[in-house]
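Notes for the structure review
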Amino acid sequence: MYNTLLPIIDKETVARLHALIGRAEKIVITCHVSPDGDAIGSSMGLCQVLKAMGKQATVITPDMPPRQLQFFPNIKSIVVASCHPHTARRLTAEADLIFCLDFNDLRRVDKFADALKQATADVVLIDHHLDPTVKATVTISHPEISSTSALVYRVLHDLTLTDFLSPLGATAIYTGMMTDTGNFSYNSLDPSLYLIVADLVSRGVDKDAVYREVFNTSSLSRVRIQGYAASRKLELFPEAGTALITLSRRELDEFEYEKGDTETLVNLPLSIPGIVCSVFMRQDEDDYVKISTRSKGDFPVNKVCERYFGGGGHLNAAGGEWNGTLDEAVARFLELVKGGYFPWGNKE
Ligand code: 5GP
Ligand code: MN
């Protein structure tokens, strides 16, 4: 019988966090650029708890949260640094405590990095990406945990603060746990996840509604783009176990692409037997391509992204970018396929 959530942080860290939170009045919580369910969920969940404790807490995201997350009733309370740089800068300068959630490197917050670098507040990093480089007073880094949201819950649990979670905060945490595990279909074998879910559901999370909002709600443009990409733009390289989907700027315009419309598209080819690696390239600007990669098994797409596409991420889900044309990015990918890099080649 598995029925106890074990501590994730030691007693000394518990005491330091209690002291930092106890004396803080103004708290900023921030996460990575293009925030996903985990970034928003962990930030909003923690923010709700801190507010319930009487703190002045604000979530600042480097840029806009995606449309699938706009269903959060209090999503408008987020300060989007790219839209309100002065407010974001002022709040960060005035803060006496800053939480950095779901990122390991200041490059992941884009232009908001400058405000963070200048801040004088204590910084607490809570993250599940490998090898954090963010300078922090307290670093809580657990790459073995499937979501930062689950990690935030575990930290709140160790601090005996989970009773501050309202249905809204619990829903935020649940959303991050759900999105970073594909609705508990990968990285989801840790039994403690289900103790957390049980507690969150008991605190008022309608998990079925969260699933519907996040995974089962699409705009017309999203449905059309995904259908088009799957039927016309999917290329398979069976001998390499690899798939590629590309969408050019022209195609995105034609389908009236909106941010979020291509989310999860990269997962689709992995459902084909024999395909263990999927690459999606989206030409956001004429000379800038955003790259998303996914894999099954032990092929490390984070290494591919680090080495060839200036990015990184997790073993099975990573991303990067190409500062050049889409044709160039595709040519680079084809070189790697021809060179036997995918999927089990030269991956030391
Ligand atoms: P997605 O493909 O959903 O955009 O990103 C999947 C994961 O890859 C993210 O959770 C993040 O860890 C990582 N990632 C995506 N884009 C980048 C990037 O440009 N740089 C780095 N270092 N990691 C990225
Ligand atoms: Mn995450």
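Conventions we followed
- Residues numbered from 1 in each chain as written.
- Chains lettered and ligands numbered in written order.
- Predicted model: local features only at pLDDT ≥ 70, side-chain atom pairs only at ≥ 80, totals over all residues.
- Heavy atoms only, no water.
- Phe/Tyr/Trp six-rings, centres within 6.5 Å; stacked < 30°, edge-to-face > 60°.
- Helix = DSSP H or I, 4+ residues; strand = E, 2+ residues; numbered from the N terminus.
- Buried < 20%, exposed > 50% of the residue type's maximum accessible area, 1.4 Å probe, protein only.
- Contact = heavy atoms within 4.5 Å.
- Donors = N, O, S within 2.8 Å, 3.2 Å for Na, K, Ca; no water.
- Pairing = 2+ DSSP bridges.
- Axes fitted to C-alpha atoms, helices over the stretch in contact; angles between N-to-C directions.
- Near = heavy atom within 4 Å.
- Polar contact = N/O pair within 3.5 Å; in protein donor to acceptor, adjacent residues only side chain to side chain.
- Areas by Shrake-Rupley, 256 points an atom, 1.4 Å probe, with all protein chains shown as cover.
- Nonpolar A, V, L, I, M, F, W, Y, C, P; charged D, E, K, R; others polar.
- Disulfide = S-S within 2.5 Å.
- Parallel < 35°, antiparallel > 145°, perpendicular 65-115°, else oblique.
- Left-handed = near helix turned anticlockwise from the far one by under 90°.
- Salt bridge = Lys/Arg side-chain N within 4 Å of Asp/Glu carboxyl O.

Let us now look at the packing of aromatic side chains. The tally for this structure, following the rule as stated, stands at twelve aromatic pairs. Geometrically, the ring pair formed by Phe-299 and Phe-342 is tilted, given 5.6 Å between the ring centres and 55° between the ring planes. Here Phe-299, found in the loop between strand S10 (288–295) and helix H11 (301–308), pairs with Phe-342, found in the segment after helix H12 (326–338); they are 43 residues apart in sequence, far enough to count as distant. Across this residue pair, the class does not change: Phe-299 and Phe-342 are buried. Ring centres of Phe-333 and Phe-342 lie 5.4 Å apart, and the angle between their planes is 45°; this geometry places the pair in the tilted category. The class for Phe-333 is buried, based on a relative accessible area of 0%. An aromatic cluster is defined as three or more aromatic residues linked by ring pairs; in this entry it consists of Phe-237, Phe-299, Tyr-308, Phe-333, Tyr-341 and Phe-342.

Positionally, Leu-315 belongs in the loop between strand S11 (312–313) and strand S12 (317–322). Residue classification places Leu-315 among the partly exposed residues on the basis of a relative accessible area of 38%. Linking Leu-315 and Lys-296, residues 19 residues apart in sequence, is a C-alpha distance of 9.0 Å. Sequence-distant contacts of Leu-315, defined by excluding residues within four places in its chain, comprise Ser-295, Gly-297, Asp-298, Phe-299, Pro-300, Val-301 and Asn-302.

A four-donor tetrahedral metal ideally has 109.5 degree angles, and a six-donor octahedral metal ideally has angles of 90 or 180 degrees. Only Asp-38 (OD), Asp-102 (OD), His-128 (NE2) and Asp-180 (OD) from the protein reach the manganese ion (ligand 2) as donors, at distances of 2.2 to 2.4 Å. Between the donor residues of the manganese ion (ligand 2), the gaps in sequence give the motif D-x63-D-x25-H-x51-D. Pair noted here: Asp-102 is in the loop between strand S4 (97–101) and helix H4 (112–118) and Asp-180 is in the loop between helix H6 (167–179) and helix H7 (192–202), with a separation of 78 residues, a long-range link. No difference in accessibility class separates Asp-102 from Asp-180, as the two residues are buried.

Our next topic: the sheet that holds S11. Spatial strand order, S7-S8-S9-S10-S12-S11: six strands in an open sheet with mixed pairing. Two strands close off the open sheet at either side, each with one partner strand: strand S7 (234–237) and S11. In this sheet, S12 lies alongside S11 in antiparallel orientation, the contact comprising two bridges. Pairing of Gly-313 across the sheet is with Ala-318, part of S12. Packing of H11 onto the sheet brings it into contact with strand S9 (277–285), S10, S11 and S12, and relative to S12 it is tilted by some 15°.

Around ligand 1 sit 13 residues in total, of which His-129, Lys-290, Ser-292, Arg-294 and Gly-312 are the nearest. Between ligand 1 and the protein, one listed contact pairs a nitrogen atom with a side-chain N or O atom of Lys-290 at 2.8 Å. Protein chains bury 77% of the 490 Å² of accessible surface belonging to ligand 1 in isolation. Mapped by element, the contributors of at least two residues to the shell around ligand 1 are S10, S11 and S12. A per-element tally of the shell around ligand 1 places S12 first, with four residues. Broken down by class, the residue content of the shell around ligand 1 amounts to two nonpolar, eight polar and three charged.

Enumeration according to the criterion identifies zero disulfides in this entry. Cys-83 forms no disulfide, and the closest cysteine sulfur to it belongs to Cys-31, at a distance of 13 Å. Note on Cys-83: relative accessible area 44%, which makes it partly exposed.

Turning our attention to the packing of helix H2 (residues 37–52) against helix H5 (residues 148–158). Interhelical geometry of H2 versus H5 gives an angle of 20° and a closest axis separation of 8 Å. The angle between H2 and H5 falls in the class roughly parallel. Seen from above, H2 lies across H5 with right-handed handedness. For the pair H2 and H5, the contacting residues are Asp-38, Gly-41, Ser-42, Leu-46 and Val-49 in the first and Thr-148, Ser-149, Val-152 and Leu-156 in the second.

In this section: the pattern of salt bridges. For the structure shown, the criterion picks out 14 salt bridges. Asp-163 serves as the salt-bridge partner of Arg-203, at 3.0 Å between the closest nitrogen and oxygen. Of this pair, Arg-203 sits in the loop between H7 and helix H8 (207–215) while Asp-163 sits in the loop between H5 and H6, and the two are 40 residues apart along the sequence. Overall, the relative accessible area of 19% leaves Arg-203 in the buried class. Take Asp-163: its relative accessible area is 66%, and that puts it in the exposed class. The shortest N-O distance in the salt bridge between Asp-208 and Lys-207 comes to 3.6 Å. Residue classification places Lys-207 among the partly exposed residues on the basis of a relative accessible area of 32%. Sharing partners across several salt bridges, the network here consists of Arg-67, Glu-258 and Asp-261.

Looking now at unusual backbone geometry. If you check the backbone angles, Asp-131 has positive phi at about 50° while not being a glycine. Take Asp-131: its relative accessible area is 61%, and that puts it in the exposed class. The residue Thr-264 is not glycine, and still its phi comes out positive at about 75°. With respect to the helices and strands, the residue Thr-264 is situated in the loop between helix H10 (249–254) and S9.

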